[in-house]
Amino acid sequence: MSVLPPDLDEAGFATFLEQLRGAVGADWVWSGEADMFPYRDSFSPVWNTGEERHASAAVAPADVEQVSEIVRIARRHRVPLFPISTGKNFGYGGPSPNVNGSVVLDLKRMNRVIEINEARAYALVEPGVSYFDLYREIQERGLKLMVDCPDPGWGSPIGNSLERGVGYTMPHFRDHFGAHCGMEVVLPDGEVMRTGMGALPGSDTWQEYPYGFGPDPAGLFAQGPFGVVTKMGFRLLPLPEYYRSGMISVPRRADFAKLVDHVNYLSDSGLIGEVEFGSPLSALMGDPQFLALATKTGGPSNAEMDAAAEAAGLHSWHVELQIFGPEATTLANWNYASDRILSDIPGAIAIAGDHFPLPATDDQLDNQTQPYRSSIKRRRSLGVPSLGAWKIVRDDGHVGFFPVLPRTAEAVFEMQRVLGDAMKEFPTLPPFFNALTMPLFWHTHTFQMVFAPSIKHDDPAHNAITHAAMKKCVAVAAQHGWGDYRAAPIYQDDVSDTYGFNNHILRRFHEQLKDAIDPDGIIAPGRGGVWPRRFRS
Amino acid sequence: MRYLALACAAAVAALALNAAQAQGETAPRTAPRTGQTAPELQRGKAVFAHWCAPCHATGAGLAGTMSLEAKYDGSVPAALEDRTDLQPAVIGYFVRTGVAWMPPFRPTEISDDDLAALSAYLSAPLADRGAHAPLLADEMVRARGSEQ
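As the structure is a prediction and not an experimental result, all values here were calculated from the model. (Residues numbered from 1 in each chain as written. Chains lettered and ligands numbered in written order. Predicted model: local features only at pLDDT ≥ 70, side-chain atom pairs only at ≥ 80, totals over all residues.)

On to the overall build of chain B. What chain B contains, in helices and strands, is 8 helices and 0 strands. Moving toward the C terminus, one meets the helices and strands of chain B in the order α-α-α-α-α-α-α-α. Put simply, chain B has 148 residues, and 40% of those count as buried. In chain B, the share of contacts with a sequence separation of at least 24, taken over all contacts with a separation of at least 6, comes to 73%. (Helix = DSSP H or I, 4+ residues; strand = E, 2+ residues; numbered from the N terminus. Buried ≥ 20, exposed ≤ 12 C-beta atoms within 10 Å, placed from the backbone. Contact = placed C-beta atoms within 7 Å.)

Following this line, the structure appears as structure tokens:
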């Protein structure tokens, strides 16, 4: 489907494209249905419907000067640009824009690892650098640094952090935007700005002190439509000397409250890395009787779940711990963690897991030798990017809703009940929310849960169900104070609507900023639910 | 009340995203191939290693290899590097349009020249392809060698 930019006719579009070709070369501008196919969101639940968002063209600059020139050309023609870095934001819109007819600003060619400083533990990269690329650079140079990577690893540190993506190592590195330090941005008028210490000529601390002086606008460029990020610094974790794992299980459903509190303490104290919560009772979900109990309207009682666990001879919950550091301290941390939990929760059991020096061997990365059934994806836990987790994808893709909730068992159980009941309206979807749904401890100080219904390119009826369920999930969650952390363009307005304190003052503030610096909406209008005046009507 | 610990594949699959995947999913491993890659195929092999191997290598638990094993049920090799029936036009089609949850790849990722080299590699005689392309992490582990 070929589309034109907003308010531009065929002749104007042709002139615009010709100017883009003049800026970057004819080989780096694409338009037309066939060439634009790879810029569609192949995980879209509105695939081939009128709601799908299509770009009109794509342009791929080689450097920041070309980015500035493209922005100036777009400003002259009032054409919205939609920047992507590696374009792998699947589940959240992929490379597709908010506004039909936008031109994708494909930054993949800007793929330089500009600097890696081992002693000071940081990297400075361009948008086209993937996690694979950064990992390879570190390994080939033999640097003792660890990258906190998401799964899958084909995305970029810049794109993922600007989406506020997450990882799997130590708490302050898992928050990828939180772990950034300094950025370079092309503003909607083509000017190049640097944040933090990057604004001070001659500074050598751009990747070490993020704030500089005065207001720090860095947050505006994460999930926001205020500029094109062309460089970004990241704090890296010094490669830990040793890795240790272990599992602790607790017998009763109510024990989850204490287990969560202990894990919070251990994490907040810097004693453990990412944890994986789970339930041994998941093995019972194939039994229709147990499945009915776990998905019961209003949720099962603790007594019902405890009876089921006792009959099966299983514990109710477990948590897998991962510990990084010198060998002696990892052992001390494990002993402390297990003693702390076992002395407080009657019947709790601790099983020591694999432990080894880093970097890991092939076999250790494959995680096949744990003395218990493990859910840990070892590669991502050790900062080794892969596409191994891609096998969780069902059908032709999925969309994701990941509500943020407090790190308490009470909140977990409430979300299980509330969203489990709400999603019964969609019985053909898997029961994502049930009495065993586990929180994900990705971000540093919050839990999230996952709702990720699939899409099928040849089944619009199924996609319509997924689409309706996504919207309902966002709305019902918000009624209980739970908001999404990240959304595809087709859901960004829905999510933005839920952050409505004081008559949506946060969005109105963003709109004022947008109107001031980009009234024509040249940079990603609508991203994050922020629309310039031109498009608000 | 007695519950049976059934490993019902459908239910487990349905809950895969909330309970975290259990490990142990394995695709059949192809026998390792040895030998040198023909010089004219080196570029295509490098393209495969960078862009395709993370999902389609011969190792266990890779989404693309597992998917093709399920799709063809062993009638053709699950690992793309072992296929002898792939024609350049077919390879180009799947790279640029994707299939199922494999997304299309843009020319900024795999250029037309790289795509031609990739197609040449995957359609060359097996003997000319040499050893299978390694996963990046495995390549790096081997490169470290005695550091372990």
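Residue and element names in this part refer to chain A. Under the domain assignment used here, chain A contains domain 1 (10-108 + 517-536), domain 2 (113-238), domain 3 (242-279 + 319-392) and domain 4 (404-498). Domain 2 puts 16 residues into the contact, and the matching count from domain 3 is 14 residues. Only helix 4 (131-140) and helix 6 (171-174) provide two or more residues apiece to the side of domain 2 that touches domain 3. The biggest single contributor to the side of domain 2 that touches domain 3 is helix 4, with 3 residues. The class makeup of the residues in the side of domain 2 that touches domain 3 is 11 nonpolar, 2 polar and 3 charged. (Domains from an automatic or database assignment. Nonpolar A, V, L, I, M, F, W, Y, C, P; charged D, E, K, R; others polar.)

Moving on, we come to unusual backbone geometry. Residue and element names in this part refer to chain A. Each neighbour pair has its own omega, and for Asp151 with Pro152 the value is 0°, a cis peptide bond. By secondary structure assignment, the location of Pro152 is in the loop between strand 7 (145-146) and helix 5 (157-162). Each neighbour pair has its own omega, and for Leu358 with Pro359 the value is 5°, a cis peptide bond. For Arg164, which is not glycine, the phi torsion reads 60° and is therefore positive. Within the secondary structure, Arg164 sits in the loop between helix 5 and helix 6.

Take the packing of helix 5 (residues 88-97) of chain B against helix 6 (residues 112-122) of chain B next. Residue and element names in this part refer to chain B. Between helix 5 and helix 6, whose axes approach to 9 Å, the crossing angle comes to 130°. The orientation of helix 5 relative to helix 6 falls into the category oblique. For the element pair helix 5 and helix 6, the recorded crossing hand is right-handed. Residues Pro88, Ile91, Gly92 and Val95 of helix 5 lie in contact with helix 6, whose contacting residues are Leu115, Leu118, Ser119 and Leu122. A breakdown of the residues in the contact of helix 5 with helix 6 according to their chemical character gives 6 nonpolar, 2 polar and no charged. (Axes fitted to C-alpha atoms, helices over the stretch in contact; angles between N-to-C directions. Parallel < 35°, antiparallel > 145°, perpendicular 65-115°, else oblique. Left-handed = near helix turned anticlockwise from the far one by under 90°.)

All names here are of chain A. Counting buried residues in strand 12 (residues 242-250) gives 8 out of 9 residues, a clear majority hidden from the surface. Pairing analysis gives 9 bridges linking strand 12 to strand 14 (residues 317-325), with the strands arranged antiparallel. By the bridge assignment, Ser249 is partnered in strand 14 with His318. Bridge count between strand 12 and strand 15 (residues 349-357): 7 bridges; the pairing is antiparallel. (Pairing = 2+ DSSP bridges.)

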